[in-house]
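Residue strings, one per chain:
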Amino acid sequence: MKPLWAQFQAETRMSMRRGESLLVTLGIPLLLLVFFGTLDLLPTGGREPLDFLVPSILALAVISTAMVNLAISTGFERQYGVLKRLGTTPLGRPRLMAAKTAVVALIEVVQVVTLTFVGLLLGWRPDGNVALALVAVLLGTSAFAGLGLLMAGTLRAEATLAVANGSYIVLLLVGGIAVPIESLPAGLGAVAALTPSAGLAGVLVAVMGGEAAPIGHWVVLAIWAIAGPVAAVRWFRWE
Amino acid sequence: MAGEPATSTPRASGAAPAIEVHDLVVRYGALTAVDGLSFNADHGEVLSLLGPNGAGKTSTVESLEGYRKVAAGSVRVLGADPATDMRRLAPDIGVMLQQGGVYPSMTPAEALRLFASYYSSPNEPTALLERMGLGAASGTPWKRLSGGEQRLLSLALAVVGRPKVAFLDEPTAGVDPDARTEVRALVRELASSGTCVLLASHDLEEVEAVADRVLIIDRGRKVAEGAPGQISDAPEEIRFTTSPGIDKPALALAFGGTVAESTPGRYRLTGEVTPARVADLATWLAERDVLVLELRAGGESLRETFARLVNRRQT
């Protein structure tokens, strides 16, 4: 337990030191929430703006932490030989990954608490199933962490940086986060519906609004939650 | 500190070696990096792997560290296969990579404390930091350390867990002379405490100073093995440097053997090396008013042996 706890503390410290990571995980989601929550600019698929915006931004927060932040930090640690070196210590790779997972979970808790609090300040009044929302967040975390590690373990660090940030923007714009997929052009919407972000945001918007989430969103989310980690385990290279 | 007793002891007669490599073959696609290499290393021994770039040193060491897939043959560290049994092996080995291996934003103090937490009975991080001369840089992020300081930190991380086997890759590259002396002392202390040290280095003087045994490899094969002072099979000779123009036939006639002038003013006199013969040579030169600028007697230096063996295979 001592190595795992020490590693968790070290990984947390390293995350706090990365200013760009704080910007992506907390700064951008907060900025988008406050900006679009104050100015009613986005299409919301017929819902109250905040009923769409807050759950969608929570989905974005999961993407930023589990995919972007994890991919970039792990990619550079791989490039710097940190993963290789730690593989020959008693910490071992399973505990290294456990520590990283715990840090992702910790940051997500901070994000959810902060974004929910700000959402409530803006007038959001959720009426949903917290347990189902939690399940969706867990599935989303699994899916995006798998994708993040897949990038980090197969691409050069610089390429991981570009792909992770690029994916973040694409998913934000056409992955059901900033704009509901039903508001996208038909062809694009059909493709967007298959993305993990659309699955996660779709489920969160529904269950936090007191509705039953469409089964299609759950299925998409569950498939990505399995496929992401499986692909990462299959193709991840430690050096 | 590193000098405190490790749990293992130098190999008793019949005890298993700390490192066993048998007919090792490592391939990268069509390229064979290591081609049937065999050697052992004992507890309490410093074995140095020498070879030119691309000789297969890193592939060999990384096979022993569990990083490389073995195409044929076998490697054992403390009796375990590092590729499949790293969990059992990790508490007993220390690894110093050729570069990197530390979080860029982590300070030496943080890194040593973190690595110490992985082991059940580690060296005291602060004392190790001071010993490596990193006390003043203990709060500096790794990415801002000099190359030499990064090497010293990597070395400290490799030994903080009191390893039974230490793999050290270029431990003094870029390190200043004072710290270099400390590194050599540390390596010898590790061996004295029973640790088997596998040292990969290009610094032949360093190898001569600390290694008990040297293994020279080239193109994935062993070309020589032995103690640094005994590895050469070249004949003994007296080498001396003077102003050019010595009467070589007269010198050869006076002392027997052959006389060669490798470059103007640098002479080699083959034959037995005895105090009397060296004194006679100095007298012979003095009688001809020849000032001796440099004189060395005996076998080849490790550098000369290395150059001769590797060059011979490359020509």
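As shown above, the structure is provided for reference.
Residues numbered from 1 in each chain as written. Chains lettered and ligands numbered in written order. Predicted model: local features only at pLDDT ≥ 70, side-chain atom pairs only at ≥ 80, totals over all residues. Heavy atoms only, no water.

**Things to note about the overall build of chain B**
Keep this limit in mind: Under the scheme used here, helices are H or I runs from DSSP no shorter than 4 residues and strands are E runs no shorter than 2 residues, and both carry numbers assigned from the N terminus. Three labels apply to residues, based on accessible area from a 1.4 Å probe with only protein chains included: buried if under 20% of the type maximum, exposed if over 50%, partly exposed otherwise in between. In this analysis, two residues are considered to be in contact whenever any of their non-hydrogen atoms come within 4.5 Å of each other. Calculation of accessible area relied on Shrake-Rupley with a 1.4 Å probe; when residues are assessed, cover is drawn exclusively from the protein chains displayed. Two residue types count as positive, namely Lys and Arg, and two as negative, namely Asp and Glu; His and chain ends fall outside the count. In plain terms, the charge of a residue is placed at NZ if it is Lys, CZ if Arg, CG if Asp and CD if Glu.
The secondary structure content of chain B amounts to 10 helices and 13 strands. Its C-alpha atoms put chain B at 70 × 45 × 40 Å along the principal axes. Per-residue burial over chain B gives 50% buried out of 315 residues. Contacts in chain B between residues at least 24 apart in sequence constitute 67% of all its contacts with a sequence separation of at least 6. As displayed, chain B has an accessible area near 13,700 Å², and 50% of this comes from carbon and sulfur atoms. Each charge class in chain B was averaged separately, 33 positive and 40 negative side chains, and the resulting centres sit 6 Å apart.

**What to know about the packing of aromatic side chains**
For clarity, the cut-off: Put simply, two rings from Phe, Tyr or Trp (the six-membered ring, in Trp's case) pair if the centres are within 6.5 Å, and we call them stacked under 30 degrees between planes, edge-to-face over 60, tilted for the rest.
Within this structure, the stated rule accounts for 8 aromatic pairs over all chains. Aromatic side chains Tyr80 of chain A and Trp142 of chain B sit 6.4 Å apart centroid to centroid with 70° between the ring planes, which places their arrangement in the edge-to-face category. With Tyr80 of chain A in the loop between α3 (49-79) and α4 (82-86) and Trp142 of chain B in the loop between α4 (125-131) and α5 (147-159), this pair bridges two chains. Residue class for Tyr80 of chain A comes out partly exposed when judged on its relative accessible area of 31%. Between the aromatic rings of Phe236 of chain A and Trp238 of chain A, the centroid separation amounts to 5.1 Å while the plane-to-plane angle is 70°, which identifies the pairing as edge-to-face. What makes Phe236 of chain A buried here is its relative accessible area of 13%. By the ring-pair criterion, three or more aromatic residues cluster together here, those being Phe76 and Tyr80 of chain A together with Trp142 of chain B.

**Examining the environment of Val113 of chain A**
All names here are of chain A. Looking at where Val113 falls in the secondary structure, it is placed in helix α5 (residues 92-122). Assessed through its relative accessible area of 53%, Val113 is described here as exposed. Between the C-alpha atom of Val113 and that of Ile181, which follows or precedes it by 68 residues, the distance is 26 Å.

**Some words on the sheet that holds strand β2 (residues 31-41) of chain B**
Residue and element names in this part refer to chain B. As a reminder, the rule being used: Two strands are said to pair when DSSP picks up at least two bridges between them. Interaxial angle, 0 to 180 degrees, is taken between N-to-C directions of lines fitted to C-alpha atoms, where a helix line uses only the stretch in contact.
Across the sheet, which stays open at both edges, the 3 strands sit in the order β2-β1-β4 with antiparallel pairing between neighbours. Strands at the two margins of the open sheet, each flanked by one partner only, are β2 and β4 (72-77). Sheet twist, expressed as the average angle between the axes of neighbouring strands with direction ignored, equals 25°. Note: strand β1 (residues 19-28) against β2, 8 bridges, orientation antiparallel. For Val26, the partnering residue across the bridge sits in β2 and is Val34. Set on the sheet, helix α1 (residues 57-64) makes contact with β1, β2 and β4; between it and β1 the angle comes to about 120°.

**Looking at the environment of Arg303 of chain B**
In this fold, Arg303 of chain B is placed in helix α10 (residues 302-314). Spatially, the C-alpha atom of Arg303 of chain B lies 23 Å from that of Arg151 of chain B, the residues being 152 residues apart in sequence.

**A few points about the interface of chain B and chain A**
For the record, the criterion: In this description, buried area is defined as the sum, over both parts, of the accessible area (probe of 1.4 Å) that is lost when the two are combined. Any carboxyl oxygen of Asp or Glu that lies within 4 Å of a side-chain nitrogen of Lys or Arg is treated as forming a salt bridge with it. Polar contact is defined as a pair of N or O atoms within 3.5 Å, subject to the rule that within protein one atom must be able to donate a hydrogen and the other to accept it, and that residues adjacent in sequence are counted only when both atoms are side-chain atoms. Residue classes follow a fixed rule: Ala, Val, Leu, Ile, Met, Phe, Trp, Tyr, Cys and Pro count as nonpolar, while Asp, Glu, Lys and Arg count as charged, and any other residue, Gly among them, counts as polar.
Contact with chain B, which involves 25 residues of that partner, is made by 24 residues of chain A. Summing both sides of the interface, chain B and chain A together bury roughly 2,200 Å²; the carbon and sulfur share of this comes to 61%. Per-residue buried area on chain B facing chain A is highest for Tyr67, Tyr103 and Tyr118 of chain B; these three make up 32% of the total on that side. Our count for the contact surface shared by chain B and chain A stands at 3 salt bridges. Where chain B packs against chain A, one counts 11 residue pairs in polar contact (both at pLDDT 80 or more). Of all the secondary structure elements, the ones that give two or more residues to the side of chain B that touches chain A are β5 (93-96), α3 (108-117) and α5 of chain B. Looking at the side of chain B that touches chain A element by element, the count peaks at 4 residues for α3 of chain B. Within the side of chain B that touches chain A, the residues separate by chemical class into 17 nonpolar, 4 polar and 4 charged.

**Details of unusual backbone geometry**
All names here are of chain B. Backbone geometry places Leu78, a non-glycine residue, at a positive phi of 50°. Looking at where Leu78 falls in the secondary structure, it is placed in the loop between β4 and α2 (86-89). The backbone of Arg219 sits at a positive phi, close to 50°, despite the residue not being glycine. Inspection of the secondary structure assignment puts Arg219 in the loop between β8 (213-218) and β9 (221-226).

**Considering the packing of α3 of chain A against helix α9 (residues 196-208) of chain A**
All names here are of chain A. To keep it simple, the criterion reads: To sort the angles, those under 35 degrees are grouped as roughly parallel, those over 145 as roughly antiparallel, those from 65 to 115 as roughly perpendicular, and the leftovers as oblique. Here is the rule for handedness: rotate from the far helix to the near one, and if that takes an anticlockwise turn smaller than a right angle the crossing is left-handed, while a clockwise turn gives right-handed.
Where α3 contacts α9, the axes come no closer than 8 Å and their chain directions differ by 140°. In terms of orientation, α3 lies oblique with respect to α9. Two packed elements cross with a definite hand, and for α3 against α9 that hand is right-handed. Along its contact with α3, which presents Asp51, Phe52, Pro55, Ser56, Leu58, Ala59, Val62 and Ile63, the element α9 presents Ser197, Leu200, Ala201, Leu204, Val205 and Met208. The residue inventory of the contact of α3 with α9, partitioned by class, reads 11 nonpolar, 2 polar and 1 charged.

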